[in-house]
Amino acid sequence: MTAVIENLDPLLRALGTTALILVVSAAGSLVLGVLVTVARVSPIPVLRGAAWAYVQVFVNIPLLALLLLAVFALPDAGLLMPLLTTVIVVLVVYEAAYVAEAVRSGINTVAPGQVEAARALGLRLSQTLRYVVVPQAVRAVVQPLGNVMIALLMNTALAATVGVVELTSAVNKVNLVEAQPIPIFTAAGLTYMALALAIGLGAGRIEKKVAIHR
Amino acid sequence: MSTPMVSTPMVRMRGVDKHFGDLHVLRSIDLDVAPREVVVVIGPSGSGKSTLCRTINRLEPIDAGEIRVDGEPLPEEGPQLAQLRADVGMVFQSFNLFGHLSVLDNVMLAPLKVRRVAKATARAEAMTLLERVGIADKADRFPAQLSGGQQQRAAIARSLAMHPKLMLFDEPTSALDPEMVNEVLEVMTSLAADGMTMVVVTHEMGFARRAADRVVFMDAGQIVEEAPPAEFFDATRSERARSFLSNVLAH
């Protein structure tokens, strides 16, 4: 345990980086995911097709491959971003596909009568989606979205492979010096677990609060 | 020579045809509804009466014919149609209140987002309407916390908040427990008495007799008979309407 305590400073800084990646990617992927879902249920065939393709592509490519591709290919294409930014962008784009799948299953729970009532009141399609369909769809999938966010937390560890010093990368470095893999990696594992539990509990709370009684 | 006042009908349907696959649900329907008129549409299930009601605000598009609302032909799906629908209230069999919003927010949503009414105005008006339908004390509840009758009255208030020039009722009491039917019919009767133009699809013969200016009887996608209620119920002309009424009124 001394290995962890003696290196607490860099480890905490790395944990901060993990939290930063998590929070920014979570917010980004939730927003992008909802937009992809909206495109997916829109009446415009091109938009629907694009959203479908988007989900298929990112659900079926391993995140690690995407990360490596972005880190090496984007600079080649002239798009030079800091590594941390690149990682966050990739995570947003990748997790958004899973968010979109979750929200789409939520949309299927919204009764057709809700849409009819909104249309009958004169709401335009965009307003119907924004004020009636999406709010109810998201309420129905809070827990699945929580699971996507937990997966996102675990996926932040892949940032280590492309040189971002987040928690996993930091404990790896500490271990190279201290050579005490069991306490060091256990501490890291417990930290991830605590974060995941917090997300899960938070999702449960939110779900209870916003649930639609039927 | 005096010219008679000819007012534009609120609804004008001419030669309206609609199919659901092989099923011919509406067969060359001609129907006019005058301003302030209350037309009650009755008929056996599957006769097309609900579909007829839903074509008037184009929730169901039609295959052929023409529908005009207040003189304007129904536009294609889009912003113009949304505008027209804002002026045409609709009450559904299954209420369709927005489940994630309180009763008050249900009533305020369309005035706020479609009419861009100021929030305080919308709230005050929504409360007045909820008062009028007798559920002001439920304003902060969610739809699922209300009885069916209360939900349907909230749905009526939601429609009225848009100041519609025409109200469509698609079997508004069919999903209600018997003891709740009357509270909804009372609201509808008072609306009719206030001069609202109404098209009401219903099985409530008592309401038809009491509140209708005209009863339209449909069967197999056609309008078989239309007459003022007294005439329709007491001197039914068509055999089909007679047999329908004897089935309905026998119990």
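Heads up: these notes are all about the structure in this document. Fair warning: this is a prediction, and the values are worked out from it, not measured in the lab.

Quick look at the sheet that holds strand E8 (residues 198-201) of chain B
Residue and element names in this part refer to chain B.
Then comes step 1: In space, the 6 strands of this open sheet follow the order E6-E7-E8-E3-E9-E10, with mixed pairing throughout. A strand with exactly one partner marks an edge of an open sheet, and here the two such strands are strand E6 (88-91) and strand E10 (222-227). Strand after strand, the sheet turns through a mean of 15° between neighbouring axes, direction not considered.
Then comes step 2: Note: strand E7 (residues 166-170) against E8, 4 bridges, orientation parallel. Paired with Leu168 across the two strands is Val199, which belongs to E8.
Then comes step 3: Here helix H9 (residues 239-249) sits on the sheet and contacts strand E3 (38-42), strand E9 (214-219) and E10; the angle it forms with E9, its principal contact strand, is near 95°.

Looking at the pairing of strand E2 (residues 23-33) of chain B
Then comes step 1: Across 7 bridges, the pairing between strand E1 (residues 11-20) of chain B and E2 of chain B is antiparallel. Each residue of the ladder has a partner; that of Arg12 of chain B, found in E2 of chain B, is Asp32 of chain B.

Quick look at a nonpolar patch on the surface
Residues and elements named next belong to chain A.
Then comes step 1: On the surface, a cluster of nonpolar side chains totalling about 240 Å² of accessible area is made up of Leu20, Val23 and Val24.
Then comes step 2: In this fold, Val24 is placed in helix H2 (residues 8-41).
Then comes step 3: When its relative accessible area of 38% is taken as the criterion, Val24 is described as partly exposed.

Side note on helix H4 (residues 63-76) of chain A
Residue and element names in this part refer to chain A.
Then comes step 1: Over its 14 residues, H4 extends 20 Å from the first C-alpha to the last, a length consistent with the 20 Å expected when each residue adds 1.5 Å.
Then comes step 2: Residue Ala70 marks the point of greatest curvature in H4, where the axis turns by about 30°.
Then comes step 3: Within the span of H4, buried status applies to Leu63, Leu66, Leu67, Ala70 and Val71.
Then comes step 4: On its buried face, H4 is in contact with helix H3 (45-59), helix H5 (83-107) and helix H8 (142-155).

Re the pattern of salt bridges
Then comes step 1: Within the structure shown, the criterion is met by 25 salt bridges over all chains.
Then comes step 2: In this structure, the salt-bridge partner of Arg13 of chain A is Asp9 of chain A, at a minimum N-O distance of 3.8 Å. Note that Arg13 of chain A and Asp9 of chain A are positioned in helix H2 at a spacing of 4 residues, about one turn of the helix.
Then comes step 3: The class for Arg13 of chain A is exposed, based on a relative accessible area of 57%.
Then comes step 4: For Glu60 of chain B, the salt bridge is made with Lys18 of chain B, and the minimal N-O distance between the two is 3.9 Å. A residue pair is termed long-range when its members are at least 10 positions apart, and Glu60 of chain B in the loop between helix H1 (49-55) and strand E4 (64-69) and Lys18 of chain B in strand E1 qualify at 42 residues. Lys18 of chain B carries the same exposure label as Glu60 of chain B, and that label is buried.
Then comes step 5: Members of the salt-bridge network, linked through shared partners, are Arg119 of chain A together with Arg58, Glu76, Glu77 and Arg85 of chain B.

Calculation criteria
- In this numbering scheme, every chain counts its residues from 1 along its sequence in written order.
- For this description, chains carry letters from A and ligands carry numbers from 1, given in the order in which they are written.
- Local features in this predicted model are restricted to residues of pLDDT 70 or higher, and side-chain atom pairs are both shown and tallied only at a pLDDT of 80 or more, whereas totals for entire chains, interfaces and linings draw on every residue.
- Each side-chain value is derived from all of the structure's non-hydrogen atoms; neither hydrogens nor water enter the calculation.
- Any two strands with at least two DSSP-identified bridges between them are counted as paired.
- Runs of E in the DSSP output that reach at least two residues are strands. Runs of H or I that reach at least four are helices, and both are numbered from the N terminus.
- An axis is simply a line fitted to the C-alpha atoms; with a helix, the fit covers only the stretch in contact. Between two such axes, the angle follows the N-to-C directions and lies from 0 to 180 degrees.
- Here a residue-residue contact requires only that any non-hydrogen atoms of the pair lie within 4.5 Å.
- Residues enter patches when their relative accessible area tops 30% and they take part in no salt bridge; the joining distance is 9 Å for like charges and 5 Å for the nonpolar side chains Val, Leu, Ile, Met, Phe, Trp and Tyr.
- Reported accessibility uses the Shrake-Rupley method at a 1.4 Å probe radius. Residues are deemed covered only where the shown protein chains occlude them.
- Whenever Lys or Arg places a side-chain nitrogen within 4 Å of a carboxyl oxygen from Asp or Glu, that contact is recorded as a salt bridge.
- Summary of the burial criterion: residues with accessible area below 20% of their type's maximum are buried, those above 50% are exposed, and those between are partly exposed, where the area comes from a 1.4 Å probe applied to protein chains only.
- Multiply 1.5 Å by the residue count of a helix minus one, and that product is the helix's expected span.
- Bend is computed residue by residue as the angle between axes fitted to the seven residues ending at the residue and the seven residues starting at it.

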